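An overview of the molecular structure
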Amino acid sequence: MKHIYIIDEHQSSKQNGVGTYIQQLLKCFEGSVHDVNLLSFNSDEKEFMVEHHSSYTEYHVPICGNRGFLQGGALSISLFRLYLNDNENNVFIVNHFPCDKFVAVLKHHFSKSRLIFVIHDQGWCAPLLGDAELFKNILSSKYVPKDKRQQWLPIRNITSSEKRAYRIVDDIITLSKTANELLQTIYHVPAEKIHLIPNGLQAPVSRLSEEERRATRRKLGIDDEEIVLLYTGRTTRSKGIIPLLQAFDHLWMEHPRLRLVIAGQVFTFNDFARQTPHSDAHVTYTGLLPKEQLAEWYQIADIGILPSYTEQSSYTGIEMLAYGKLIVTTDGHNITDMFGDGEAVVATIGEHRNVDSSVFAKSLEEAIQKALNLTAEERLSRQKQALNRYNQEYSFNHWRSSYSRLING
């Protein structure tokens, strides 16, 4: 029996894909012989407490130290020495970065235990909008130009922090082939230390009949004639939200039946509204939704949109595959590992992503137009291929088997 300790930073993960990953991972270990524990840092609880669930134990660590448990860690890890014994059957799974200081303290106090780090993202991806060639240039350049220091130096510093963490931990889980290759060629991580395990997701519990789908659309305020484009997730720059809004505004003038639904928390509404001067009445912002309500939007949407510059085994993408949606996405960093032209209509981002998004917005507009022009037969073929891709590569059973081999190996 292994003692598994899943480390989570609660305040951030409850709003992003890491939270989905952790909930799926807890389900992954249900019914196993292992002792499963969730170490929930920056918990909503006001004081430290231990909560026993049916299949795992949760340790709630309240917010302290200005939420910087990854930067410090010594206090919290010392606390857990009161509850956890160090032995070779312990497996710690770390899910947040930059964590070099945290894993160093963890390794010091639990030297016999196995440390696994999951790369959900890397520090250069969002600020460089997934431009891997620029990233390589930043690291390889002997000198940093004065006009580049503000961007380049933070990238170099966080990459150094990531390299230190990768050296300390025993195993690294990466979620895509592209990230796997970068780990070896740029970060110089030995191949035997890396485990490629794309995210997995439980299949939708139920699917709506055509009659139920029409009724649900009416309940959500969608007319029968409207064509719904669904975007789900964080509305940040690296997710491609601005080019999507620009593309939609142009498309709507030709296709007034279109409606864009943004399912995610919006922080800069006025900035978004300025991108859709012609179509603002046809953009719906739902805010964060419970999974049951989000499932309704997935099932009534006509096209799923994943316009990101960079992703790594995106849960939004997996959900679209699992629902068998017609998908429009991009050739962004890691995204090409998830979709081929058979499963999705792919927009080209272009070379000048950091200075001009207009080329990308135009390409995204053309990709959505292509999806709208598909025949019923072509559309059904892509939806079937999407569902097949989910079953072959992202199903929950496939994912659970991969983790079982890693933990027991």
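Residues numbered from 1 in each chain as written. Predicted model: local features only at pLDDT ≥ 70, side-chain atom pairs only at ≥ 80, totals over all residues. Heavy atoms only, no water.

Taken as a whole, this structure holds 14 salt bridges when the rule is applied. We note a salt bridge from Glu 311 to Lys 239, for which the minimum N-O separation is 3.0 Å. Of the two residues, Glu 311 is situated in the loop between β12 (303–305) and α12 (315–322) and Lys 239 in the loop between β9 (227–232) and α9 (241–254); the sequence distance between them amounts to 72 residues. Owing to a relative accessible area of 11%, Glu 311 belongs among the buried residues under this scheme. (Salt bridge = Lys/Arg side-chain N within 4 Å of Asp/Glu carboxyl O. Helix = DSSP H or I, 4+ residues; strand = E, 2+ residues; numbered from the N terminus. Buried < 20%, exposed > 50% of the residue type's maximum accessible area, 1.4 Å probe, protein only.)

Of all the 6 residues making up β9, 6 are buried; the element is thus mostly covered by neighbouring parts of the structure. Covered by surrounding structure in β9 are Ile 227, Leu 229 and Tyr 231 together with Val 228, Leu 230 and Thr 232, the residues of both alternating faces. Note that β9 and strand β10 (residues 258–263) share 6 bridges and pair parallel. Bridge pairing in β10 links Val 228 to Arg 259. Regarding topology, α9 serves as the crossover connection from β9 to the parallel β10, and that connection is right-handed. Relative to β12, β9 runs parallel, the two being bridged by 2 bridges. Counterpart to Leu 230 in the pairing with β12 is Gly 304. (Pairing = 2+ DSSP bridges. Right-handed = clockwise from strand over helix to strand, strands pointing away.)

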